[in-house]
Amino acid sequence: MLSVTGLRANVGDKEILRGLDLRIGPGEVHAIMGPNGSGKSTLAHVLSGREGYAVTGGTASFEGRDLLALEPEERAQLGLFLAFQYPVELPGVNNTYFLKSALNSIRKARGEDELDAVSFMRLIKEKLKVLHLDDSLLKRAVNAGFSGGEKKRNEIFQMALLEPKLAILDETDSGLDIDALRVVSEGVNALRSPERSMIVVTHYQRLLDYIEPDFVHVLYKGRIIRSGGKELALELEQHGYGWITDEGAAA
Amino acid sequence: MSGELATWLGAATPNGSPAWLEAWRTSARERATALGVPGSKQEAWRYTNPRRLFEQAFDEGAAVLAAEALAPLLVEGLEADRVVLVNGRYAPEHGRLGALPEGVRIDSLARLLAEDPEAVRPHLGALADDPAALFPALNAAGGADGLVVLLAPGARLERPLELLHVTTGERPTLAQPRHLIVLGEGAEARLVERYVGAEPSIAHATNAVLEIDLAAEARLDHERIQHDSAESFHLSTLYLHQQARSRYQGLNIGLGGRWARTDINTRFAGPGAECVLHGLYLSGDGQLIDYHLDVDHAVPDCTSVELFKGILYGQGRAVFDGRVFVAQDAQRTDAAMSNRNLMLSERAEIDTKPQLEINADDVKCSHGTTVGQIDPQMLFYLRARGIPEASARRMLCLGFAEEIIGRLGDEALRAEIAALVGDRLEAAPLD
Ligand SMILES: Nc1ncnc2c1ncn2[C@@H]1O[C@H](COP(=O)(O)OP(=O)(O)OP(=O)(O)O)[C@@H](O)[C@H]1O
Ligand SMILES: [Mg+2]
């Protein structure tokens, strides 16, 4: 589904991704952990096509396409979804209108008919319920004035609506209270399927108790320096990063 | 000089007009002639050279519009009584006025001047008193008709009143309507004023003057939508006078015209009054949208808000020239003026000059300006959801405009304006 090899990317003169390899098969859930500033969000942004990063080496293919050659909207239309670490507020942009435009753009790209207003509203209400979100959200501007937790829930709500093939969740757990964490995780788990893959970026084991990963990777200084099963996250929780970063640095 | 101004100055007053009316017109005529065509050296004309307007020949234009030509100019679903003016003249056959309640008079200025001149005498020209203003003087001299709304104390319009002004003709025509809106104590109304052109490619000109007088506790909601055709010239000068505790909410949407200049002069005459002026303008290739606000806090304890937002693209130009004046004894004035611009092109140009002139010491006044571009983070967020770049830009522009559009008084107008803005942006060059 996704294959990243030797990916290098700079911001300005600074090299942030330094030869990163990652392969994700259909239906797999991969957790990416790693200290602050190691390049996790950068990876998410480069994969989803955000401006401001210069890719200086390596490849990324998604569903057999050269991901890096595509516009951000084309990537989304192919089924890539990024749940932002810091969702952006869009004052004045009505949420319903936004969701409808997004869904219909993606449907159109897939060769499906646009949804009529009635079916769209039915779908929306169903997904809102899954995330325990209130209808009133639909009348508001996208993320504007939302609390931190509401913004994160809204990201997963969008994911539920857009039904991507590969979702990258960038610290979706940060800022969520205990109940919201459970609700969001249930929302994510409801979307797990043999065709849908996920990259879950997190600092905490707690999220992985809910969303059980198939693989755990440690990203450090722009490279994946250790990969393992879900037990790797438990080890990290106990011992921190020191024991692998020392090895990684030595290697 | 008067050669250039001849069409504007109009014909002599019809025989049999009252002497006061004749005197008023004559003096306007003399004033306009003495002022002459302004040059861009004068401060008020710093940004625009009106000369080209006077180099063009205009017909007076007949007040004739076919019903089929009117239909596409209407806003679908707008629930309002309607008065239509064609080329500056009242066209009762197109109006739609229900039975008017007690104390409400809605009529043609020309008809009242002919049949009941004393009803308008106290109001005509009473507020438009700036001796240096050329266009209001031309309007007084050459204009013949307009809308008169007189509300007795306590009267209220049950439904909004739409004033639809249409310029039309096979050759360029000049329209100079003058509207008088007078609300007695505690009277209430909502007025939706729309300017449209029937022919997209003909350079018609409109030179409108409004005099709005609000007695104590009166309340007027006033939406003004300037959507004249792309080649046209639109000038409008509003004089607003507010007595104690009156409330005026004005919403100015400026979309059309090659050159569209709107002057808004407001004066507080009693304490506790409130004046809110919101605006949204869109200026694209070859266009100049021009706003001049003069807000006079002559008395204490009044509040004014001025917020104008603009979207500029291509080689569009706009001017925001706002002045808030606070008199020496206008204590506890609360005034906030701001102008925000979204520039979609490097070739677009905005001249923005909000000014405060404060002579009292116990006031709360602020002003601010922003000129910015579309936020790349917002754009990325939308694109990352599959929305193509051009649509994403349009959504963000409409989002920027929503703060103003959202204040329009009903859904039909909001939808209409959002669609007009959206369509214009869709056709706009991306650069
Ligand atoms: N636009 C930018 N300009 C300058 N430096 C940047 C920019 N974006 C990222 N960086 C730098 O790149 C490095 C990696 O940042 P990134 O956001 O990818 O880290 P992260 O692993 O997601 O961290 P965290 O766990 O704190 O979210 C950091 O040192 C950061 O300061
Ligand atoms: Mg991060």
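By the naming in an unreviewed UniProt entry, chain B goes by Iron-regulated ABC transporter permease protein SufD and is assigned to Marichromatium gracile. The UniProt entry for chain B carries the following comment under Sequence similarities (unreviewed entry): "Belongs to the iron-sulfur cluster assembly SufBD family."

Identification of chain A as Iron-regulated ABC transporter ATPase subunit SufC from Marichromatium gracile is taken from an unreviewed UniProt entry.

Student: How do you make sense of the overall build of chain A when you look at a structure like this?
Tutor: Across its full length, chain A carries 9 helices and 10 strands. At 18 Å, chain A has a C-alpha radius of gyration in line with the 18 Å of a compact globule built from 251 residues. Referenced to the eigenvectors of the C-alpha coordinate spread, the extents of chain A come out at roughly 60 × 40 × 35 Å. Going through the 251 residues of chain A one by one, you find that 54% of them count as buried. Partitioning the contacts of chain A with sequence separation of at least 6, the portion at a separation of at least 24 is 66%. As displayed, chain A has an accessible area near 11,100 Å², and 48% of this comes from carbon and sulfur atoms. Of the side-chain charges in chain A, 30 are positive and 36 negative, and the distance between the mean point of each set is 2 Å.

Student: Whenever I open this one, the pairing of strand 3 (residues 29–33) of chain A confuses me. Can you help?
Tutor: In summary, the side chains of a regular strand alternate between the two faces of the sheet. Most of strand 3 of chain A sits inside the fold, with 5 of its 5 residues counted as buried. Burial of the side chains of strand 3 of chain A extends over both faces: V29, A31 and M33 of chain A are buried on one face and H30 and I32 of chain A on the other.

Student: What am I meant to see in the coordination of the magnesium ion (ligand 2) here?
Tutor: Ideal donor angles around a metal are set by the shape: a four-donor tetrahedron calls for 109.5 degrees, a six-donor octahedron for 90 or 180 degrees. Those donors, S41 of chain A (OG) and Q85 of chain A (OE1), are the protein atoms that reach the magnesium ion (ligand 2), and they lie 2.0 to 2.2 Å from it. In this pair, S41 of chain A is assigned in helix 1 (residues 40–48) and Q85 of chain A in the loop between strand 6 (80–83) and helix 3 (95–109), connecting sequence segments 44 residues apart.

Student: Honestly, the packing of aromatic side chains in this entry has me stumped. Any pointers?
Tutor: By the definition in use, this model includes 10 aromatic pairs over all chains. The interplanar angle of 25° and the centroid separation of 6.1 Å between the aromatic rings of F98 of chain A and Y381 of chain B together place this pair among those described as stacked. Taken together, the positions of F98 of chain A in helix 3 and Y381 of chain B in helix 8 (residues 376–383) put the pair across two chains. Relative to F58 of chain B, the ring of W8 of chain B has its centre 6.1 Å away and its plane inclined at 85°; by these criteria the two rings are edge-to-face. Of the two residues, W8 of chain B is situated in helix 1 (residues 2–9) and F58 of chain B in the loop between helix 3 (51–54) and helix 4 (67–70); the sequence distance between them amounts to 50 residues. On the accessibility criterion, W8 of chain B (1% relative accessible area) is buried. F58 of chain B gets classed as buried once you look at its relative accessible area, which sits at 6%.

Student: I tried to follow helix 10 (residues 411–427) of chain B on my own but got confused; where do I start?
Tutor: An α-helix turns once every 3.6 residues. As a result, residues three or four positions apart point the same way. Residue and element names in this part refer to chain B. With 17 residues, helix 10 extends 24 Å between its outermost C-alpha atoms, agreeing within 8% with the 24 Å of an ideal straight helix rising 1.5 Å per residue. Within the sequence span of helix 10, burial applies to A412, L413, I417, L420, V421, G422 and L425. In this fold, the buried residues of helix 10 make contact with strand 8 (188–197), strand 10 (219–227), strand 12 (247–254), strand 14 (274–283), strand 16 (303–312) and helix 9 (389–405). Where helix 10 begins, the capping side chain belongs to D410, and its oxygen is found 3.3 Å from the backbone nitrogen of A412.

Student: What exactly am I supposed to notice about the site of ligand 1 here?
Tutor: Residue and element names in this part refer to chain A. Taken together, 14 residues are adjacent to ligand 1, and G37, K40, S41, T42 and H203 come closest. Interatomic distance of 3.0 Å between a side-chain N/O atom of K14 and an oxygen atom of ligand 1. Broken down by secondary-structure element, the contributors of at least two residues to the shell around ligand 1 are strand 2 (14–24) and helix 1. Among the elements that make up the shell around ligand 1, the one with the highest residue count is helix 1 (3 residues). Split into classes, the residues belonging to the shell around ligand 1 amount to 3 nonpolar, 8 polar and 3 charged.

Student: Help me out: how do you make sense of the confidence of the model for chain B in this one?
Tutor: Interpretation of the predicted coordinates at a detailed level should be avoided for regions scoring low in pLDDT. On average, chain B scores 93 in pLDDT, and the residues at 70 or more come to 96%. In the predicted complex, the global pTM is 0.92; the interface-specific ipTM is 0.95.

Student: Would you explain the sheet that holds strand 2 of chain A in this entry?
Tutor: Hydrogen bonds between backbone atoms are what pair the strands of a sheet, whose relative direction is either parallel or antiparallel. Residue and element names in this part refer to chain A. A sheet is described by the order of its strands in space; here 4 strands give the open sequence 2-1-4-5, paired in antiparallel fashion. In this open sheet, the two strands that pair with only one neighbour each are strand 2 and strand 5 (65–66). Of the strand pairs in this sheet, strand 1 (residues 2–11) and strand 4 (residues 54–62) are connected by 7 bridges, and their pairing is antiparallel. Opposite T5, over in strand 4, you have T59 as the bridge partner.

Student: Help me understand the interface of chain B and chain A in this model?
Tutor: Interfaces are often sized by the accessible area lost when the parts come together. Contact with chain B, which involves 17 residues of that partner, is made by 32 residues of chain A. Buried area between chain B and chain A, both sides added, is near 2,000 Å², and the carbon and sulfur share of it is 67%. Broken down residue by residue, the surface that chain B buries against chain A is led by F380, Y381 and R385 of chain B, which jointly contribute 39%. Inspection of the region where chain B meets chain A yields 3 salt bridges.

Student: So what exactly am I meant to see when it comes to the packing of helix 3 of chain A against helix 4 (residues 117–130) of chain A here?
Tutor: Residues and elements named next belong to chain A. As a packed pair, helix 3 and helix 4 sit with axes 11 Å apart at the nearest point and diverge in direction by 105°. Of the possible angle classes, the one that applies to helix 3 and helix 4 is roughly perpendicular. Between helix 3 and helix 4, the contacting residues are T96, L99, K100 and L103 on the first element and A117, F120, M121, L123 and I124 on the second. Tallied by class, residues from the contact of helix 3 with helix 4 come to 7 nonpolar, 1 polar and 1 charged.

Student: Could you clarify how one ought to interpret the sheet that holds strand 16 of chain B in this entry?
Tutor: All names here are of chain B. An order of 2-1-5-8-10-12-14-16-18-20 is seen for the 10 strands of this open sheet, with the pairing classed as mixed. Since the sheet does not close on itself, it has two edges, and those belong to strand 2 (89–90) and strand 20 (364–372), each with one partner. Where strand 14 meets strand 16, 10 bridges bridge the pair, whose relative direction is parallel. Within strand 16, the position partnered with G279 by the bridge is F308. With respect to the sheet, helix 9 is in contact with strand 12, strand 14, strand 16 and strand 18 (334–343), its orientation differing from that of strand 16 by roughly 155°. Along the sheet face, helix 10 touches strand 8, strand 10, strand 12, strand 14 and strand 16 and points at about 30° away from the line of strand 14.

Student: Sorry if this is basic, but what is going on with the environment of S197 of chain A here?
Tutor: Residue and element names in this part refer to chain A. Along the chain, S197 turns up in strand 8 (residues 197–201). Residue S197 is classed as buried on the basis of its relative accessible area, which comes to 0%. Taking the C-alpha atoms as reference points, S197 and G27, separated by 170 residues in sequence, lie 4.5 Å from one another. One polar contact links the side chain of S197 to the main-chain carbonyl oxygen of G25, over a distance of 3.0 Å. A distance of 3.2 Å separates the side chain of S197 from the backbone nitrogen of G27, its partner in a polar contact.

What counts and how
Within every chain, residues take consecutive numbers counted from 1 along the sequence as written. Whichever chain is written first is A, and whichever ligand is written first is 1; the rest continue in order. Reporting of local features is limited, given that this is a predicted model, to residues whose pLDDT is at least 70; pairs of side-chain atoms are given and counted only at 80 or more, and all residues count toward the totals for whole chains, interfaces and linings. Side-chain measures here rest on the full set of heavy atoms in the structure, leaving out hydrogens and waters. UniProt positions are given in the numbering used here, feature names are shortened, and annotations may be inferred rather than shown by experiment. Only runs of H or I of at least four residues qualify as helices and only runs of E of at least two qualify as strands under DSSP, and these elements are numbered from the N terminus. The quantity called the radius of gyration is restricted to C-alpha atoms. Its globule counterpart is 2.2 Å times the number of residues to the power 0.38. Each residue's exposure class comes from its accessible area (1.4 Å probe, protein chains only) as a fraction of the maximum for that residue type: buried when under 20%, exposed when over 50%, partly exposed otherwise. Whether two residues touch is decided by their heavy atoms; if any such pair falls within 4.5 Å, the residues are in contact. We get accessible surface area from the Shrake-Rupley algorithm with a probe of 1.4 Å; when it comes to residues, only the shown protein chains can shield them. Lys and Arg are tallied as positive, Asp and Glu as negative. Neither His nor the chain termini are counted. To locate a charge, take atom NZ for lysine, CZ for arginine, CG for aspartate or CD for glutamate. Because water is not among the atoms used, a metal site may look incomplete, as its donors are only the N, O and S atoms within 2.8 Å, or 3.2 Å for Na, K and Ca. Here the aromatic set is Phe, Tyr and Trp, taking the six-membered ring for Trp, and pairing holds for ring centres within 6.5 Å; pairs whose planes are under 30 degrees apart are stacked, those over 60 apart are edge-to-face, and all others are tilted. Helices are assigned an expected span. That span is 1.5 Å times one less than the residue count. We define a polar contact as two N or O atoms separated by no more than 3.5 Å, with the added condition that, inside protein, one atom must be a possible hydrogen donor and the other a possible acceptor, whereas residues neighbouring each other in sequence contribute only through side-chain atom pairs. When at least one non-hydrogen atom of a residue lies within 4 Å of a molecule or strand, that residue is treated as near it. Each residue gets one of three labels, nonpolar for Ala, Val, Leu, Ile, Met, Phe, Trp, Tyr, Cys and Pro, charged for Asp, Glu, Lys and Arg, and polar for the others, Gly among them. Scored between 0 and 100, pLDDT is the confidence that the predictor attaches to each residue. If DSSP finds at least two bridges between two strands, the strands pair. Using a 1.4 Å probe, buried area is obtained as the accessible area two parts lose upon being combined, added over both of them. Throughout this description, the term salt bridge denotes a Lys or Arg side-chain nitrogen within 4 Å of a carboxyl oxygen of Asp or Glu. Here, axes are lines fitted to C-alpha atoms. For helices the fit covers the stretch in contact, and angles between N-to-C directions go from 0 to 180 degrees. Any angle between 65 and 115 degrees counts as roughly perpendicular, while under 35 counts as roughly parallel, over 145 as roughly antiparallel, and the rest as oblique.

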